[in-house]
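Structural overview
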Amino acid sequence: MSSQIPVQQIDPNTDGPSDKNNKKNPETVELYASRKKIYVREIKGLFQRIRFFSLMALMGMYFLFVWITIDGEPLIHFDLPAREFHLYGMTFFPQDFFLLAAMLIICAFGLFFITTLFGRVWCGYTCPQTVWTFIFMWVEERIEGSHTKRMRLDKAPNSPEKMIRKSAKHVSWLLIAFATGVTFVGYFYPIRELLADLFTLGANGWAYFWVGFFTVATYLNAGWMREQVCLYMCPYARFQSVMFDRNTRIVSYDPNRGEPRGSRKKSADRKELGLGDCIDCGLCVQVCPTGIDIRDGLQYECIGCALCIDACDSVMDKMDYPRGLIRYTTENELEGRPSKLLRPRTFGYGALLMLMIGAVVVTIATRVPVELDVIRDRGALFSYNGNGWVENTYTLKINNMAEVPREFRIGLEGIETARLLRGNEPVQVAAGDLRSVPVVVEVNPDDLDDINTSITFRIEATDDSGVSDETDSRFVGPRPR
Ligand code: SF4
Ligand code: SF4
């Protein structure tokens, strides 16, 4: 059975009108096509500027936040050995994992909400794959030149200049990738110690492994694979279209205005020629980082970067045509119908998002930054002391989840004569620390009506923060007479 079909091909790397390539020379190609390298043409414009600032801000935050500390605690630090997570001045412990999970769910709903309104703005402006690919492409353009120069350089035979340019590019990419890897590991391993340990060969073996892993992954993803990650590896690219509807504002070509496309002189009257506004220059295809032709309609390969809008607007300006042949618009607007911003789908995602954010904010605001756990000594049920009172032994585990050290007073409730024989001194617990405190409680046996009597342990901070916690346990005594 043949695996070949006749198709019309568009080459994003050619400069001329596409109808010469597409309409007159249909070719036969393999269904399984090998990757064709895309030489993206640099373009300037409004959306490119927005992308630049958004990508620089995100990149800056990534490389900067790892160095910031608040009162000696890192701004963001995942301390896996201590099982503590420091986020923006708060410390989370394994028991707070539901909060981290809730924050991830909020991010997911936020993404769905934005996608429903504005399509793949996440992909085009903020996704790490886009951010790093953009930086790598910027470096490539500075070292190897424009897209035509890069094409020529790749086709040229090896020469000292080619070797120098290629080496400079790969060394620069590897340095950025290494900085990315070190920074990533720095969120788990204090960055200052990591740098000192890495270069004195004193770091943990896993630190070397993960720095190496993220260096290689960044170099390959942003340098070599680029749009292939979006097209074949990213699951979001596959399912985002189910969040689109006729009112989603996405990058689109306006065929009513642009067709029939065709080249013409600037001075020519397009109405007389029977042409639309598209001069078929192919610039929108040349700037596309995924190499597609937006004029073919909505395609899952489109990452919503809006570079084709800037490209087409620059052509429209040169032709003295109104801008916006390619623009952010909705399917309804393209068909001359009104668009709705607020609709059941956006209300649904928006309401769920608000609900989740509200729940997390309330949980964090009312979160008690101390936890008390009481473990009864199972070795001895009870004993009598010299006064004839009954004694029980416990271990109190005080988990100070605050960013500051605290002193706690231990109290008892539930049995009137209960007194602390051991553990009645205030207990100091360091910030984010867990302290075990042995405690002995004595009770007048006349106060016990049963073998097991409920007793409550309460801890209270000695400062005026009002931080406290309590836990119920049981006091074991003799069978009442
Ligand atoms: S068609 Fe290409 S250039 Fe245009 S928004 Fe989509 S990915 Fe970007
Ligand atoms: S850049 Fe604009 S005018 Fe040129 S081919 Fe694309 S849509 Fe047509």
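Reading the values: rules and limits
- Residues numbered from 1 in each chain as written.
- Chains lettered and ligands numbered in written order.
- Predicted model: local features only at pLDDT ≥ 70, side-chain atom pairs only at ≥ 80, totals over all residues.
- Heavy atoms only, no water.
- Helix = DSSP H or I, 4+ residues; strand = E, 2+ residues; numbered from the N terminus.
- Contact = heavy atoms within 4.5 Å.
- Polar contact = N/O pair within 3.5 Å; in protein donor to acceptor, adjacent residues only side chain to side chain.
- Pairing = 2+ DSSP bridges.
- Axes fitted to C-alpha atoms, helices over the stretch in contact; angles between N-to-C directions.
- Near = heavy atom within 4 Å.
- Nonpolar A, V, L, I, M, F, W, Y, C, P; charged D, E, K, R; others polar.
- Salt bridge = Lys/Arg side-chain N within 4 Å of Asp/Glu carboxyl O.
- Buried < 20%, exposed > 50% of the residue type's maximum accessible area, 1.4 Å probe, protein only.
- Core = buried A, V, L, I, M, F, W, Y, C linked by side-chain atoms within 4.5 Å.
- pLDDT = per-residue confidence, 0-100.
- Expected span 1.5 Å × (residues − 1).

1. Notes on the environment of R458
Topologically, R458 is positioned in strand β17 (residues 452-461). C-alpha of R458 to C-alpha of L412: the two residues are 46 residues apart in sequence and 6.1 Å apart in space. Beyond its immediate chain neighbours, meaning those up to four positions away, R458 contacts L372, R409, I410, G411, E413, S468, D469 and E470. Separated by 3.4 Å, the side chains of R458 and S468 make a polar contact.

2. Remarks on the sheet that holds strand β7 (residues 90-92)
Pairing is antiparallel in the open sheet, where three strands are placed in the order β5-β6-β7. Strands at the two margins of the open sheet, each flanked by one partner only, are β5 (76-79) and β7. In this sheet, adjacent strand axes meet at a mean angle of 15° when their direction is disregarded. Relative to β7, strand β6 (residues 84-87) runs antiparallel, the two sharing three bridges. If you follow L87 over to β7, its bridge partner there is M90.

3. Concerning the site of ligand 1
Within the structure, ligand 1 sits among V251, C288, P289, T290, I292, I294, C302, I303, G304, C305, A306 and C308. Looking at the shell around ligand 1 residue by residue, the classes come out as ten nonpolar, two polar and no charged.

4. Looking at the pattern of salt bridges
Within the structure shown, the criterion is met by 28 salt bridges. In this structure, the salt-bridge partner of R323 is D317, at a minimum N-O distance of 2.7 Å. A relative accessible area of 52% places R323 in the exposed class.

5. A few points about the site of ligand 2
As a matter of local geometry, ligand 2 sits amid Y253, C278, I279, D280, C281, G282, C284, R295, C312, M316, L325 and I326. Taken together, the residues of the shell around ligand 2 sort by class into nine nonpolar, one polar and two charged.

6. Observations regarding the nonpolar core
Of all hydrophobic cores here, the largest spans 73 residues; its most connected members are W132, F136, L194, V251, I294 and I326. The element best represented in this core is helix α15 (residues 307-319), accounting for eight residues. Apart from residues lying up to four places away in sequence, I326 is in contact with V251, S252, Y253, C284, I294, C308, I309, C312 and D313. Ranked by size, the runner-up nonpolar core spans 25 residues in total, among them I415, A418, I455 and F457.

7. Some words on unusual backbone geometry
A cis amide bond links E259 with the next residue in sequence, P260, at an omega value of -10°. Although it is not a glycine, R226 sits at a positive phi angle of roughly 45°. Note on R226: relative accessible area 9%, which makes it buried.

8. Looking at the confidence of the model for the chain
A low pLDDT means the predicted coordinates there should not be read in detail. Across the chain, the average pLDDT comes to 87, with 93% of residues at or above 70. The secondary structure element of the chain with the lowest average pLDDT is strand β1 (residues 4-7), at 38, and the one with the highest is helix α7 (residues 160-186), at 96. Under a pLDDT of 50 for its full length, residues 1-10 has, in the predicted model, 26 contacts with residues more than four places off or in other chains. Counting interchain partners and residues more than four positions distant, the pLDDT-below-50 stretch residues 16-24 has 15 contacts.

9. Looking at the side chain of K166
Assignment of secondary structure puts K166 in helix α7. Beyond its immediate chain neighbours, meaning those up to four positions away, K166 contacts E144, L153 and D154.

10. Things to note about helix α9 (residues 205-225)
Along an α-helix, residues three or four positions apart point the same way, because every turn accommodates 3.6 residues. Here α9 contains 21 residues, and its C-alpha end-to-end distance of 28 Å stays within 8% of the 30 Å for a straight helix at 1.5 Å per residue. On its buried side, α9 packs onto α5 (128-144), α7 and α8 (191-199). Capping the start of α9, N204 holds a side-chain oxygen 2.7 Å from the backbone nitrogen of W206, two or three residues further along. Looking at the residues trailing α9, positive phi occurs at R226, about 45°.

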